[in-house]
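# Close look at the chain arrangement
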Amino acid sequence: MWKRENALNRLGNYIVSGVLKGTTIVTVAVVLVGSVIEFVGQLDDVGLGSYGLREALVFVALRIPHKIFDVLPAAALLGALLSLGNMAVHRELVIMRTSGLSQYRLLGAVATAGMVLFVVMLLLGESLAPSLGAYARSMRADALLEDVDTASARSTWFKDGDRIFNLRQPRTGDEFDLAVRVFELDAEAGLTQIAKADSVLTVGSDIWELFDYAETNFEREATTVSRSSRIQQDYGLSPELLELSEVREDLLDTPQLDRYITYLQSNGLDADRYLAAYWGRIANGASVILMAALALPFVMGGLRSAGTGARMLVGLIIGLGYYVLVQLSAQIGEVFSLDPVVAAWAPGALLLLVTGVAVVRLR
């Protein structure tokens, strides 16, 4: 009995290893293609400031962990279809079943591989992908914007036309709060206006929303002061400049994302975008297990005798369909102000339903 159980365990480990190898091959291929495409897109900016080919290559390389995090659920399905399909073609699965490996034990082995991939996604999403992505963004902005001084961790200065901007973190202990001062000059470099805000958020792609705003205008005959609790300003800044002040959810690790949500809610600001990203990150990690498990019913069912091309096509359709559904759900949730938790988990719930039905029908 012990020898038989040991043999079944070895068979299970063989399946786990096969699924992981298949997923690794697919992930490397997809990330490599995506990185090449992104590098080609960076060539338009090569030569601006000090941004050269070396910087473009480093930028693309630093974003690889983020790409892996994004493609891993679909890659798990494709990798499992590839490895299990090859086992089915070579009758290995039939031999395993006749050796006493039940379909549920087979499913458990595939799910175990999915759990390993889930841990990998947690490690990537928790810190590595966001931190390297944030560094890549900062490095790219520094190279493109030579007039920007980012030497201080708490203060950033840059000049855009007749305006000089100072973005800084007030000494309140809150790492997400960001204050701004704007100095406007005339044609003779004379000071015409000073504006300040205690907090700033970006709205859309080119508008700043300023809180506790005050401006002082210097005119020939008088000096005027005006104040507003909230105001929107379009400074016509380039995307790279705006990125220096924008808190992007994909560049925050999970603890930072949680703290930023708390910060927004405590200040009465809209946190739905970041709540959706927080729960979406968790749902995306859970989906990798379901994707791996979903491959088994296909291989044991209609795709048992199909070729590699047919299995890959099915995997691509399902994987891309799920990715599009995730993006669509996030957009619909934002447009119609749906509960961020519902919007984030809706695609995962549908995937769970499909996988559950497919597994129950497994023979």
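Coordinates for the structure precede this section.
Now for a description of the structure that goes with this document. (Residues numbered from 1 in each chain as written. Predicted model: local features only at pLDDT ≥ 70, side-chain atom pairs only at ≥ 80, totals over all residues. Heavy atoms only, no water.)

Among the surface-exposed residues, Asp270, Asp272, Glu334 and Asp339 lie close enough to one another that they form a single negatively charged patch. By secondary structure assignment, the location of Glu334 is in helix H9 (residues 308–335). The exposed category is assigned to Glu334, whose relative accessible area is 58%. (Patch = residues over 30% accessible without salt bridge, like charges linked within 9 Å, V, L, I, M, F, W, Y side chains within 5 Å. Areas by Shrake-Rupley, 256 points an atom, 1.4 Å probe, with all protein chains shown as cover. Salt bridge = Lys/Arg side-chain N within 4 Å of Asp/Glu carboxyl O. Lys, Arg positive; Asp, Glu negative; His and termini not counted. Charge placed at Lys NZ, Arg CZ, Asp CG, Glu CD. Helix = DSSP H or I, 4+ residues; strand = E, 2+ residues; numbered from the N terminus. Buried < 20%, exposed > 50% of the residue type's maximum accessible area, 1.4 Å probe, protein only.)

This brings us to the side chain of Gln193. In this fold, Gln193 is placed in strand S4 (residues 191–197). Owing to a relative accessible area of 11%, Gln193 belongs among the buried residues under this scheme. At 2.7 Å, the side chain of Gln193 and the side chain of Asn217 are in polar contact. Those residues within four positions of Gln193 in sequence are excluded, and the remaining contacts are Val182, Phe183, Glu184, Glu215, Thr216, Asn217 and Phe218. (Polar contact = N/O pair within 3.5 Å; in protein donor to acceptor, adjacent residues only side chain to side chain. Contact = heavy atoms within 4.5 Å.)

It is worth spelling out the packing of helix H5 (residues 103–144) against helix H8 (residues 272–300) at this point. Axis separation between H5 and H8 bottoms out at 8 Å; the angle between their running directions is 150 degrees. It follows that H5 is roughly antiparallel to H8 by the angle criterion. Like other packed secondary-structure pairs, H5 and H8 cross with a definite hand, here right-handed. In contact with Gln103, Leu106, Leu107, Val110, Ala111, Gly114, Met115, Leu117, Phe118, Met121, Gly125 and Pro130 of H5, H8 contributes Arg281, Asn284, Gly285, Ala286, Val288, Ile289, Ala292, Ala293, Leu296 and Met300. Taken together, the residues of the contact of H5 with H8 break down into 16 nonpolar, 5 polar and 1 charged. (Axes fitted to C-alpha atoms, helices over the stretch in contact; angles between N-to-C directions. Parallel < 35°, antiparallel > 145°, perpendicular 65-115°, else oblique. Left-handed = near helix turned anticlockwise from the far one by under 90°. Nonpolar A, V, L, I, M, F, W, Y, C, P; charged D, E, K, R; others polar.)

On to the pairing of S4, then. With 6 bridges joining them, strand S3 (residues 179–185) and S4 adopt antiparallel strand pairing. Each bridged residue has a counterpart across the sheet, and for Val180 the counterpart in S4 is Ala197. The hairpin formed by S3 and S4 contains 5 residues between the paired strands, and Ala189 there has a positive phi angle of roughly 70 degrees. Here S4 pairs with strand S6 (residues 207–218) via 4 bridges, running antiparallel. Counterpart to Ile194 in the pairing with S6 is Thr216. (Pairing = 2+ DSSP bridges.)

Before going further, it helps to spend a moment on unusual backbone geometry. The backbone of Arg91 sits at a positive phi, close to 65 degrees, despite the residue not being glycine. Looking at where Arg91 falls in the secondary structure, it is placed in the loop between helix H3 (64–89) and helix H4 (92–98). Unusually for a residue other than glycine, Ser337 sits at a positive phi of about 55 degrees.

Moving on: the packing of aromatic side chains. In the structure shown here, the tally under the stated rule is 2 aromatic pairs. With 4.8 Å between their ring centres and 90 degrees between their planes, Tyr260 and Tyr274 make a pair best called edge-to-face. With a gap of 14 residues between them, Tyr260 in helix H7 (residues 254–266) and Tyr274 in helix H8 connect regions that are remote in the sequence. One exposure class covers both Tyr260 and Tyr274, and it is buried. Pairing Tyr278 with Trp279 gives two aromatic rings, centres 5.4 Å apart and planes at 90 degrees, and the pair type is edge-to-face. (Phe/Tyr/Trp six-rings, centres within 6.5 Å; stacked < 30°, edge-to-face > 60°.)

With respect to the secondary-structure elements, Asn284 resides in helix H8. The exposure class of Asn284 is buried, given its relative accessible area of 15%. Distance in space between the C-alpha atoms of Asn284 and Pro347 is 9.2 Å, their sequence separation being 63 residues. Setting aside residues no more than four positions away along its own chain, Asn284 makes contact with Phe69, Pro73, Met121 and Tyr322.

What follows is about the pattern of salt bridges. Scanning the model with the defined rule gives 8 salt bridges in all. As a salt-bridge pair, Asp198 and Lys196 come within 3.9 Å of each other at their nearest N and O atoms. Arg273 serves as the salt-bridge partner of Glu249, at 2.9 Å between the closest nitrogen and oxygen. Of the two residues, Glu249 sits in the loop between helix H6 (239–243) and H7 while Arg273 sits in helix H8, which places them 24 residues apart along the sequence. For Glu249, a relative accessible area of 21% puts it in the partly exposed group. When its relative accessible area of 32% is taken as the criterion, Arg273 is described as partly exposed. Salt bridges here are not isolated pairs; linked through shared partners, they connect Glu38, Arg63 and Lys67.

Right, let's talk about the environment of Pro340 for a bit. Considering the arrangement of structural elements, one finds Pro340 in helix H10 (residues 340–360). Residue classification places Pro340 among the buried positions, given a relative accessible area of 10%. Sequence separation between Pro340 and Ala277 is 63 residues; the distance between their C-alpha atoms is 8.3 Å. Ignoring anything within four residues of it in the chain, the contact list for Pro340 reads Asp272, Leu275 and Ala276.

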